[in-house]
Amino acid sequence: RNIVRSKSSMMLSTVGGCSLNHLTLVLFANIWRLCQVRTCKRSCQEVLGSDLRPAETIGKTSRCFQTNGSNWEAHECLGVDCKGATGSYYSIILPDKTEGRCETANTFVSFPTWTGTVACEARSQVCDADGNVVQGYEELRRQEIKSELEQEHGEYADELLDKYDEGRFEPHTTKEGGLKNMYLVREQTSSCDFTGLSVITFPASNLKHFQDLKSKQLLELLKQECVNLTEQDVKTNVSAVSWGVDWVDGAQDGRYVRNYGGEG
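So, a few notes on the structure that sits alongside this text. (Residues numbered from 1 in each chain as written. Predicted model: local features only at pLDDT ≥ 70, side-chain atom pairs only at ≥ 80, totals over all residues. Heavy atoms only, no water.)

**A short note on the overall build of the protein**
Per the secondary structure count, the protein includes five helices and 13 strands. Split into buried and exposed, the 264 residues of the protein put 49% on the buried side. Long-range pairs, those at least 24 residues apart, make up 58% of the contacts in the protein with a sequence separation of at least 6. Surface accessibility of the protein: about 13400 Å² in total, with carbon and sulfur atoms responsible for 47%. (Helix = DSSP H or I, 4+ residues; strand = E, 2+ residues; numbered from the N terminus. Buried < 20%, exposed > 50% of the residue type's maximum accessible area, 1.4 Å probe, protein only. Contact = heavy atoms within 4.5 Å. Areas by Shrake-Rupley, 256 points an atom, 1.4 Å probe, with all protein chains shown as cover.)

The structure is reproduced here in C-alpha cells:
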C-alpha cells in the first residue's frame, strides 16, 4: 500500500542538497548544515537592473553561474555567447568584452582582466539547439518560488524570499508537492520559543514539524536565531522501501504510526 509522507532523499539531487525532507532527516539528522546559496538573486534576463557586481551583465544573453574568488563564492549573472547552433563550446563575456571559453563541464575558466573564476556547466544546459542562451534549473525554480510566495504569503513574500536566498528557508512549489502551512524545522539550539504553535518533535533529533503556520508566524520563526533551516513539507507516494516503513514515522521502534492519517 502507498504511504503518503514527506519526500525522500531523492529530492536532494534537485534542490541543491538542502532538503530536510522526512525520510532523509530520520537517517541523517545529525549532519545538517546551513544550505549554500544556489542561484542568483534576480532574473539574469531582465531588461533593467542595478547593484551589479563587476563581472555581471543582464539581458537576453545572460545566465546565472557560480563564481569564485580567493576568499568568496557567489552566483552572478554573466553574458554568454553560444557560438551559434553548431558551436561545440560557449564563451563567458565580461562587461569589458573579455571572453573565457567553457569547453568542459565542472571546470573553471579564468580571465586576464578579472580576479574571479566561473564554474562551467555543460553546453546543453546553457545553450539550446538553436544557439540561444537558456536559464538554469535553479534560476527558473527561484522564479517559480517567488511567484508562489507572492500568491500565498502576500506582503510577507519578499522577506520570505530573502530567507530562501540566504539558505535558511526551503519552500516547495505546487508541482513539487509542497504542503500548505506545513514545515520542518531544524533547531540550532534549544532556545527557540514555539509558544502557541502546533508542533511535533521527532524523537532523538533536533527537528520539529509544524502544522497550520500562517505567513506571519512562519516569518517570525525564520527570524529566530536558534533556527538554522526551515523547509516546507512535501508529499510523495512510497510503495516499497528495502529497509521497511518503520523509519518513516520518525521513530525506529518496530512499528509504523500513521501520523496525520499517513499524510504530512
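**Side note on the pattern of salt bridges**
Taken as a whole and assessed by the stated rule, the structure comprises 14 salt bridges. One salt bridge in this structure joins Arg141 and Glu170, with 2.8 Å as the shortest N-O distance. Placement of the pair is Arg141 in helix H3 (residues 137-153) and Glu170 in strand E8 (residues 169-170), with a sequence separation of 29 residues. Via salt bridges that share partners, Asp81, Lys83 and Glu99 belong to a single interconnected network. (Salt bridge = Lys/Arg side-chain N within 4 Å of Asp/Glu carboxyl O.)

**Quick look at the state of the cysteines**
Enumeration according to the criterion identifies five disulfides in this entry. The disulfide that involves Cys44 links it to Cys77, with 2.1 Å between the sulfurs. Residues Cys44 and Cys77 are joined through a disulfide that is left-handed, its torsion about the S-S bond being -80°. Here Cys44, found in the loop between helix H1 (22-28) and strand E2 (62-68), pairs with Cys77, found in strand E3 (residues 73-81); they are 33 residues apart in sequence, far enough to count as distant. Accessibility classification places Cys44 together with Cys77 in one group, the buried group. Across a sulfur-sulfur distance of 1.9 Å, Cys192 and Cys226 are joined as a disulfide pair. Residues Cys192 and Cys226 are joined through a disulfide that is right-handed, its torsion about the S-S bond being 130°. Here the residue Cys192 occupies a position in the loop between strand E9 (178-187) and strand E10 (198-201), and Cys226 occupies one in the loop between helix H5 (215-222) and strand E12 (227-234), the gap between them amounting to 34 residues. For the pair shown, Cys192 and Cys226 are each scored as buried. (Disulfide = S-S within 2.5 Å.)

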